[in-house]
Amino acid sequence: VFEGKTTGTPIALLVRNKDANSKAYDHLKNVYRPSHADYTFDEKFGHRNWQGGGRSSARETIGRVAAGAIAKKILKKLEKIEILSYVSSIHTLSASVNTNTLTLKKIDANIVRCPDKKVAESMIKEIEAARKEGESLGGVVSCVIKSVPAGLGEPVFDKLKADLAKAMMSIPATMGFQIGAGFSGATLKGSEHNDAFYMDKGMVRTRTNHAGGTLGGISSGENITFDVAFKPTATIFKEQETITTSKKATTLAAKGRHDPCVLPRAVPIVDAMSAIVLVDHYLRNQARKGLFT
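Just so we're clear, the structure is a prediction, and the values are computed from it rather than from any experiment. (Residues numbered from 1 in each chain as written. Predicted model: local features only at pLDDT ≥ 70, side-chain atom pairs only at ≥ 80, totals over all residues. Heavy atoms only, no water.)

As a further point, take the environment of H258. Here H258 lies in the loop between β11 (249–252) and α7 (263–291). Distance in space between the C-alpha atoms of H258 and S219 is 40 Å, their sequence separation being 39 residues. Those residues within four positions of H258 in sequence are excluded, and the remaining contacts are A130, R131, G134, E135, T235, I236 and F237. (Helix = DSSP H or I, 4+ residues; strand = E, 2+ residues; numbered from the N terminus. Contact = heavy atoms within 4.5 Å.)

Judged by pairing direction, the sheet is antiparallel, and its 5 strands sit side by side in the order β2-β1-β3-β9-β4 without closing on themselves. Each edge of the open sheet is held by one strand with a lone partner, namely β2 (93–94) and β4 (174–179). Sheet analysis places β4 next to strand β9 (residues 224–230), joined by 5 bridges and oriented antiparallel. For G176, the partnering residue across the bridge sits in β9 and is A229. Most of the contacts of helix α5 (residues 160–169) go to β4, to which it runs at about 160°, and overall it touches β4 and β9. (Pairing = 2+ DSSP bridges. Axes fitted to C-alpha atoms, helices over the stretch in contact; angles between N-to-C directions.)

Each aromatic ring pair is summarised here by two numbers: the centre-to-centre distance and the angle between the ring planes. The full count for this structure, using the stated rule, is 3 aromatic pairs. Between F41 and F45 the ring centres are 5.5 Å apart and the planes differ by 55°, which places this aromatic pair in the tilted class. Here F41 and its partner F45 are both found in helix α1 (residues 38–45), 4 residues apart, which amounts to about one turn of the helix. Between R207 and the ring centre of Y198, over which it is positioned, the NZ or CZ distance is 3.8 Å. (Phe/Tyr/Trp six-rings, centres within 6.5 Å; stacked < 30°, edge-to-face > 60°. Lys NZ or Arg CZ within 6 Å of the ring centre and 35° of its normal.)

Shown next, in the form of structure tokens:
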């Protein structure tokens, strides 16, 4: 619900969640789910939201996605920046994607948001099998950001890649972030990893893009590329060893709502957080230009 147009009044966003059933979580009231934030929230705050909501729930990302939608429109209008996130792997299945021809239509062509049609079909089957087994699967969301101008980002603490990493790692269930060649770049020699410069119609370009679109924390003008790893969902139906809130040993086999794989739902969140980081740096860069012109 948006209020106010051009009057300068604050814009309020209200989302009414009609897909909630707190009673389905009653069996979790006095027990900690393995690999879930139940325990750490209890230790820090003295309480936790075990009914399926709260700040450790991915439900909180609705505000990020809403803000990201606005940020994407700003970036598209001002610089024609396009952000394309997609599922590149689930469990042991990995997609082959040509980011040069990647489009939103190809990403949204199937329910797992994987542009590789053949691999997407296998992913769907594996997720369905995991659901039947009461299991969960992790994977990777990859992102390519096109038409980013050179010069966005700060040289030390607010490097563009550092802010992107922080934004991605703030998303629930994330376990890893790599930009450009990432960890595979550590196996290359300098002569193999370096991105050679050349001129193309008056524009500075690089022959390769192992750096992932940033140099020294500042955008280079090449596509920004990165990957975000997501863990398997913590709440599963299989029996696991755990403890109660009174620190007594027990076992838990969750019941009720079960998400066998969060990857498809994570795609718009990665999009949104990318847009929010980029629009922040774009505005900072515009302010800096205003100071020195």
